[in-house]
Amino acid sequence: MKNLFLTIIFTMIAIFSSHAQLIPLTPKSNSIDVNNLTIKKLSNSNSINMFDGNEKLIQMFGSPTSSEPYVFEMEERVGTLYKYSGNEFYFTNRFYSFELISSAFAIGNNNNYLKVGDSITIISTFMPGYSISGNDSIIYLKNGADYVSSAISIKSNNNLITRIRLINF
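What comes next concerns the included structure. (Residues numbered from 1 in each chain as written. Predicted model: local features only at pLDDT ≥ 70, side-chain atom pairs only at ≥ 80, totals over all residues. Heavy atoms only, no water.)

**Quick look at the overall build of the chain**
- Looking only at helices and strands, one finds three helices and twelve strands in the chain.
- In the chain, which comprises 169 residues, the proportion classed as buried is 37%.
- For the chain, the proportion of contacts with a sequence separation of at least 24, taken over those separated by at least 6, is 41%.
- A total accessible area of about 9,700 Å² is found for the chain, and carbon and sulfur atoms account for 52% of it. (Helix = DSSP H or I, 4+ residues; strand = E, 2+ residues; numbered from the N terminus. Buried < 20%, exposed > 50% of the residue type's maximum accessible area, 1.4 Å probe, protein only. Contact = heavy atoms within 4.5 Å. Areas by Shrake-Rupley, 256 points an atom, 1.4 Å probe, with all protein chains shown as cover.)

Spelled out as structure tokens, the structure:
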């Protein structure tokens with residue numbers, strides 16, 4: 001009984017401390033305003049912003065390779081997953097998340113873009129002053145001066161970007 005109690009306590013501490021570490025309390029140099037972010041399809045240069053709906057996604061990027069209902073368990077709602085050649089875009093009643101695994105799409109701010117296959121050093125061009133450490137990079141998102149509960153996760157291997165994802169916490 002004592003072991004069960006301790007296991008529960010340590011698990012709760014681990015969960016709460018890891019979640020608290022995700023949202024910065026003080027301004028970080030690795031943050032960007034969500035209002036400036038767009039996702040661009042490189043074959044036709046059409047783009048959507050982070051507040052667009054699924055109608056705009058299909059209008060700008062064309063028909064997806066596939067679409068299917070997707071259950072967002074934490075929010076207890078069903079949305080839609082749109083796939084474009086392996087790249088995934090998730091929608092609830094709004095744009096929710098994405099995962100880019102090919103160079104068909106890029107994320108940026110109308111001046112500088114990141115895409116899978118780019119050198120990891122391009123992050124410092126995208127965000128001057130950003131310090132790269134290891135294979136995982138996080139760019140926190142703000143709406144004006146306030147941090148939102150989302151971030152851009154960038155995975156790399158051998159100094160090349162292998163995945164770009166919008167994560168929500």
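Don't stop here, the text continues.
**Looking at the pairing of strand 7 (residues 95-100)**
- Of all six residues in strand 7, six are buried; the element is thus mostly enclosed.
- Sheet topology places strand 7 next to strand 12 (residues 160-168); two bridges connect them, and they run antiparallel. Within the sheet, the bridge partner assigned to Glu 99 lies in strand 12 and is Arg 165. (Pairing = 2+ DSSP bridges.)

**Digging into the layout of surface pockets**
- Its boundaries defined by the atoms lining it, the largest pocket holds a volume of some 700 Å³.
- Residue contributions to the lining of the largest pocket peak at five residues, all from strand 7.
- A breakdown of the residues in the lining of the largest pocket according to their chemical character gives 16 nonpolar, six polar and five charged. (1 Å grid on protein atoms, 1.4 Å probe; cavity = no way out; pocket = protein on both sides within 12 Å on 5 of 7 lines; lining within 4 Å. Points joined across faces, edges and corners; volume = space filled by probe spheres on them. Nonpolar A, V, L, I, M, F, W, Y, C, P; charged D, E, K, R; others polar.)

**Some thoughts on the sheet that holds strand 11 (residues 146-157)**
- The eight strands lie next to each other as 1-10-11-12-7-6-5-4, forming an open sheet whose pairing is mixed. Sheet topology places strand 1 (31-33) and strand 4 (66-72) at the edges, where each strand pairs with a single neighbour. With strand direction ignored, the average angle separating the axes of adjacent strands in the sheet is 25°.
- Taken together, the seven bridges between strand 4 and strand 5 (residues 77-84) define a ladder with antiparallel strand orientation. Within strand 5, the position partnered with Val 71 by the bridge is Val 78.
- Strand contacts of helix 2 (residues 54-61): strand 5 and strand 6 (87-91), with the helix running at about 10° to strand 5, the strand carrying the most contacts. (Axes fitted to C-alpha atoms, helices over the stretch in contact; angles between N-to-C directions.)

**Some words on the sheet that holds strand 2 (residues 38-41)**
- Taken in spatial order, the four strands make up an open sheet running 3-2-8-9, and their pairing is antiparallel. The open sheet has two free edges, formed respectively by strand 3 (47-49) and strand 9 (113-115), since each of these has just one partner strand. Averaged over all pairs of adjacent strands, the angle between strand axes in this sheet comes to 25°, irrespective of strand direction.
- Note: strand 2 against strand 3, three bridges, orientation antiparallel. From the neighbouring strand, Ile 39 faces strand 3, where its bridge partner is Ile 48.
- Sheet strands in contact with helix 2 are strand 2, strand 3 and strand 8 (105-108), and its direction is about 165° off that of strand 3.

**Focus: the pattern of salt bridges**
- Scanning the entire structure with this criterion turns up three salt bridges.
- Ionic pairing is found between Arg 163 and Glu 99, a salt bridge with its closest N-O pair at 3.8 Å. Linking Arg 163 in strand 12 with Glu 99 in strand 7, this pair joins segments that are 64 residues apart in sequence.
- Between Lys 115 and Asp 118 there is a salt bridge, with the nearest N and O atoms lying 2.7 Å from each other. (Salt bridge = Lys/Arg side-chain N within 4 Å of Asp/Glu carboxyl O.)

**Looking at the nonpolar core**
- Among the nonpolar cores identified, the biggest contains 31 residues, and Phe 89, Phe 98 and Ile 152 are the most heavily contacted of them.
- Apart from residues no more than four positions distant in its own chain, Ile 152 is found in contact with Leu 37, Phe 98, Ile 107, Ser 137, Ile 138, Ile 139, Leu 141, Ile 164, Arg 165 and Leu 166. (Core = buried A, V, L, I, M, F, W, Y, C linked by side-chain atoms within 4.5 Å.)

**Things to note about the environment of Ile 139**
- Within the fold, Ile 139 resides in strand 10 (residues 136-143).
- Sequence spacing of Ile 139 and Ile 123 is 16 residues, and the spatial spacing of their C-alpha atoms is 9.6 Å.
- With near-sequence residues (within four places) excluded, Ile 139 lies in contact with Asn 30, Ser 31, Ile 32, Ile 123, Phe 126, Met 127, Tyr 130, Ala 151, Ile 152 and Ile 154.

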